[in-house]
Amino acid sequence: MSTNERAIRALKEILQKPGNDVCADCGALDPGWGSCSLGVFICLDCSGIHRNIPEICKVKSLRLSHWEDQEVQFMAENGNKLMKAKYEADVPVYYYKPTHKDCQVLREQWIRAKYERKEFSKPGKSLTYESEAREGTLMKRGRDNGQFLSRRFVLSEREGNLKYYTKYDAKEPKAVIKVDTINATFQPEKIGNPNGLQITYLKDYSTRNIFVYHENGKEIVDWFNSIRAVQLQYLRVAFPGATDAELVPKLTRNFIKEGYMEKTGPRQTEGFKKRWFTLDQRRLMYFKDPLDAFAKGEVFLGNNDNHYSASAGLPPGTHCNGAWQYGITIETPDRSFLFTCETESDQQDWLKHFKNVMNTQMSPQDYTMEALLRHRH
Ligand SMILES: [Zn+2]
């Protein structure tokens with residue numbers, strides 16, 4: 001048996017230890033790589049990020065690389081569980097921990113925050129996203145022309161809002177966004193920038209979108225976590241009895257599903273029109289274009305017990321003048337909504353998510369949202 005076969009066999013055994021069965025950084029199953037400078041097991045994608053950080057770059061394949069005996073020993077003595085206790089000792093409860101499905105900038109900044117900047121392992125370190133106010137410039141997409149321009153943004157914990165200004169020295173903000181109405185989610189592909197962040201919020205009972213980015217990955221992820229920090233602080237005051245575990249899912253969240261469907265209006269005479277749909281918790285919003293500033297409308301998805309349902313197909317006699325044929329009917333207490341999907345798999349996927357949402361019990365805030373949205377379609 002060659003020395004390397006022996007090393008690979010030893011590594012396989014170390015992988016059996018609790019914690020080593022998933023990537024230390026993103027939680028993906030069966031990590032195929034190891035960092036012999038940090039003593040953690042990681043997935044292929046995360047190993048690529050580690051390679052870009054010279055300070056921590058010693059990564060090796062568990063199957064193909066040559067491992068020295070002392071490196072194997074080091075992996076055995078450390079491992080994911082121990083290193084998590086070290087590098088994630090003080091992660092704030094609101095701080096977003098990315099999964100394998102998240103975009104590059106979130107995963108890269110998580111890895112850099114942990115191992116390069118050691119933000120969570122040095123006790124007493126003051127975190128930028130924990131200051132009471134944050135101010136700086138972000139590139140913001142123009143509402144109508146699609147051009148990105150530098151804008152000043154101010155996030156205030158005391159006021160519980162995010163403001164932005166069109167002129168740097170302007171006295172009056174262009175918009176004042178209450179933090180409890182914000183959802184922020186990274187959308188690099190949609191926005192066309194690797195650091196692209198979508199901020200969706202409610203203004204006068206209607207949904208608005210702004211699209212921003214910062215050249216620097218750390219900056220935009222810091223903004224994102226600052227928003228989450230301020231949101232948590234706001235919710236702690238608004239819901240004094242609630243635990244952090246109950247409040248954290250109410251901070252920014254990824255959309256459940258996005259994509260094109262066709263939709264018809266209430267009288268179904270104007271025909272099916274292609275729209276961009278976004279499902280965010282119980283809100284199904286639709287837009288003419290994915291980068292629109294305003295939702296054209298939205299459908300609240302309540303609970304089965306309250307006369308909400310979703311099913312495949314369209315009612316008999318529906319005049320199908322659209323391009324697509326895989327129908328979905330959503331019934332609400334007020335009206336039916338008819339949609340068509342391009343493919344059967346898309347139809348099944350939307351249906352699965354609609355049914356999941358409708359099977360979930362509504363919270364008191366959901367009832368408030370239902371009342372808000374019901375009066376307008
Ligand atoms: Zn990973």
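Residues numbered from 1 in each chain as written. Predicted model: local features only at pLDDT ≥ 70, side-chain atom pairs only at ≥ 80, totals over all residues. Heavy atoms only, no water.

The test is simple: UniProt positions are given in the numbering used here, feature names are shortened, and annotations may be inferred rather than shown by experiment.
The name recorded for the protein in an unreviewed UniProt entry is ArfGAP with dual PH domains 1, from Poecilia formosa. As recorded by UniProt, the Subcellular location (unreviewed entry) comment attached to the protein reads in full: "Cytoplasm".

1. Side note on the UniProt feature "domain: PH" (unreviewed entry) in the protein
Going by this rule: Put simply, DSSP marks the helices as runs of H or I at least four residues long and the strands as runs of E at least two long, and each gets a number from the N terminus on.
UniProt's feature table lists "domain: PH" (unreviewed entry) at residues 131-232 and 254-359, given in the numbering used throughout. Counted over residues 131-232, helix gives 20% and strand 45%. Its end C-alpha atoms are 13 Å apart.

2. Details of the domain arrangement of the protein
Size of an interface, as often reported, equals the accessible area lost when the parts are brought together. Heads up, the rule is: The domain boundaries here were taken from an automatic or database domain assignment. Contacts are assigned to residue pairs with any non-hydrogen atoms lying within 4.5 Å of each other. When two parts are put together, the accessible area they lose, computed with a 1.4 Å probe and summed over both, is reported as buried area. Whenever a carboxyl oxygen of Asp or Glu lies within 4 Å of a side-chain nitrogen of Lys or Arg, that contact is scored as a salt bridge. Within 3.5 Å is the distance limit for a polar contact, defined as a pair of N or O atoms, with the added protein rule that one can donate a hydrogen and the other accept it, and that residues adjacent in sequence qualify only through two side-chain atoms. The classification used treats Ala, Val, Leu, Ile, Met, Phe, Trp, Tyr, Cys and Pro as nonpolar, Asp, Glu, Lys and Arg as charged, and all other residues, Gly among them, as polar.
Annotation of the protein at the domain level lists domain 1 (3-116), domain 2 (133-250) and domain 3 (257-375). Each side of the interface is counted separately: domain 1 has eight residues, and domain 2 has 16 residues. Summing the contributions of domain 1 and of domain 2, the shared interface buries around 1000 Å²; its carbon and sulfur component is 75%. When the buried surface of domain 1 facing domain 2 is broken down by residue, Val93, Tyr94 and Val105 rank first, second and third, together holding 50% of it. At the surface where domain 1 touches domain 2, the tally comes to zero salt bridges. Where domain 1 meets domain 2, there are two residue pairs in polar contact (both at pLDDT 80 or more). Broken down by class, the residue content of the side of domain 1 that touches domain 2 amounts to seven nonpolar, one polar and no charged.

3. Side note on the nonpolar core
Rules: Here, nonpolar core refers to any group of buried Ala, Val, Leu, Ile, Met, Phe, Trp, Tyr and Cys residues whose side-chain atoms link them within 4.5 Å. The rule is simple: take the accessible area with a 1.4 Å probe, protein chains only, and divide by the maximum for that residue type; under 20% is buried, over 50% is exposed, in between is partly exposed.
Formed by 39 residues in total, the largest nonpolar core has its most connected members in Ile182, Phe186 and Ile199. At the level of secondary structure, the elements contributing two or more residues to this core comprise helix H5 (104-116), strand S5 (148-156), strand S6 (161-165), strand S7 (175-178), strand S8 (183-186), strand S9 (197-203), strand S10 (206-213) and helix H7 (217-238). Structurally, this core is a two-domain feature, drawing no fewer than three residues from each of domain 1 (3-116) and domain 2 (133-250). The residues touching Ile199, leaving out its near neighbours within four places in the chain, are Leu162, Ile182, Asn183, Ala184, Arg208, Asn209, Ile210, Val212 and Ile227. Of all hydrophobic cores here, the second largest spans 24 residues; its members include Val299, Leu301, Ile328 and Trp350.

4. A closer look at the pairing of S7
Note the cut-off: Only strands that DSSP links by at least two bridges are regarded as paired with each other.
Side chains Ala175 and Ile177 project from S7 onto a buried face, and the interleaved Val176 and Lys178 project onto a face without burial. In this sheet, S7 lies alongside S6 in antiparallel orientation, the contact comprising four bridges. Counterpart to Asn161 in the pairing with S7 is Lys178.

5. Re the coordination of the zinc ion
A four-donor tetrahedral metal ideally has 109.5 degree angles, and a six-donor octahedral metal ideally has angles of 90 or 180 degrees. Test applied: The donor definition counts N, O and S atoms within 2.8 Å of each metal and applies 3.2 Å to Na, K and Ca; water is not among these atoms, so some sites may look incomplete. A site with four donors is called tetrahedral when every donor-metal-donor angle falls between 85 and 135 degrees; four donors are called square planar, and six octahedral, when opposite donors sit more than 155 degrees apart and all other angles fall between 65 and 115; any other arrangement is irregular.
Within the first shell, the zinc ion binds the protein through Cys23 (SG), Cys26 (SG), Cys43 (SG) and Cys46 (SG), at distances of 2.3 Å. Because the angles between the four donor atoms bound to the zinc ion fall within 105 to 116°, the donor set is best described as tetrahedral. For the zinc ion, all donor residues lie on one chain, and their spacing in sequence is C-x2-C-x16-C-x2-C. Taken together, the residues span a long stretch of sequence, with Cys23 in the loop between helix H1 (3-15) and strand S1 (33-35) and Cys43 in the loop between strand S2 (40-42) and helix H2 (44-51) at a distance of 20 residues. With a relative accessible area of 3%, Cys23 lands in the buried category.

6. A closer look at the packing of aromatic side chains
Where we set the bar: Only Phe, Tyr and Trp rings take part, Trp by its six-membered ring, and two of them pair if their centres are within 6.5 Å. Stacked means planes under 30 degrees apart, edge-to-face means over 60, and tilted covers everything else. Only when the NZ atom of a Lys or the CZ atom of an Arg is both within 6 Å of the ring centre and within 35 degrees of the ring normal do we say a charge sits over the ring.
Under the definition given, this model contains 15 aromatic pairs. Ring geometry for Trp110 versus Phe120: centroids 5.7 Å apart, planes at 40°, classification tilted. In this pair, Trp110 sits in helix H5 while Phe120 sits in the loop between H5 and strand S4 (133-141), placing the two residues ten residues apart along the sequence. With a relative accessible area of 4%, Trp110 lands in the buried category. On the basis of relative accessibility, which here comes to 0%, the residue Phe120 falls in the buried class. Among the aromatic residues, those joined into a cluster by ring pairs are Phe277, Tyr286, Phe339, Trp350 and Phe354. Positioned above the aromatic ring of Phe337 is the side chain of Arg335, whose terminal nitrogen or guanidinium carbon lies 3.8 Å from the ring centre.

7. A closer look at the packing of H2 against H5
Let me state the cut-off plainly: Every axis in this analysis is a line fitted to C-alpha atoms, fitted for helices over the stretch in contact. Angles between the N-to-C directions lie between 0 and 180 degrees. We call two directions roughly parallel when the angle between them is under 35 degrees, roughly antiparallel when it is over 145, roughly perpendicular when it lies between 65 and 115, and oblique otherwise. For a crossing to be left-handed, the near helix must be turned anticlockwise from the far one by less than a right angle; the clockwise case is right-handed.
Viewed as axis vectors pointing N to C, H2 and H5 meet at an angle of 60°, and their least axial separation amounts to 10 Å. Between H2 and H5, the angle falls in the class oblique. Where H2 crosses over H5, the two elements pack in a sense that is right-handed. The residues of H5 that touch H2, namely those facing Asp45, Cys46, Ile49 and His50, are Gln104, Arg107, Glu108, Ile111 and Tyr115. Its residues placed into classes, the contact of H2 with H5 shows four nonpolar, two polar and three charged.

8. Quick word on the pattern of salt bridges
By the definition in use, this model includes 26 salt bridges. A salt bridge links Glu119 to Arg117; the shortest N-O distance between them is 2.5 Å. Residues Lys257 and Asp349 are paired through a salt bridge, measuring 2.9 Å at the closest nitrogen-oxygen approach. Of this pair, Lys257 sits in strand S11 (residues 257-263) while Asp349 is found in helix H9 (residues 344-359), placing the two residues 92 residues apart along the sequence.

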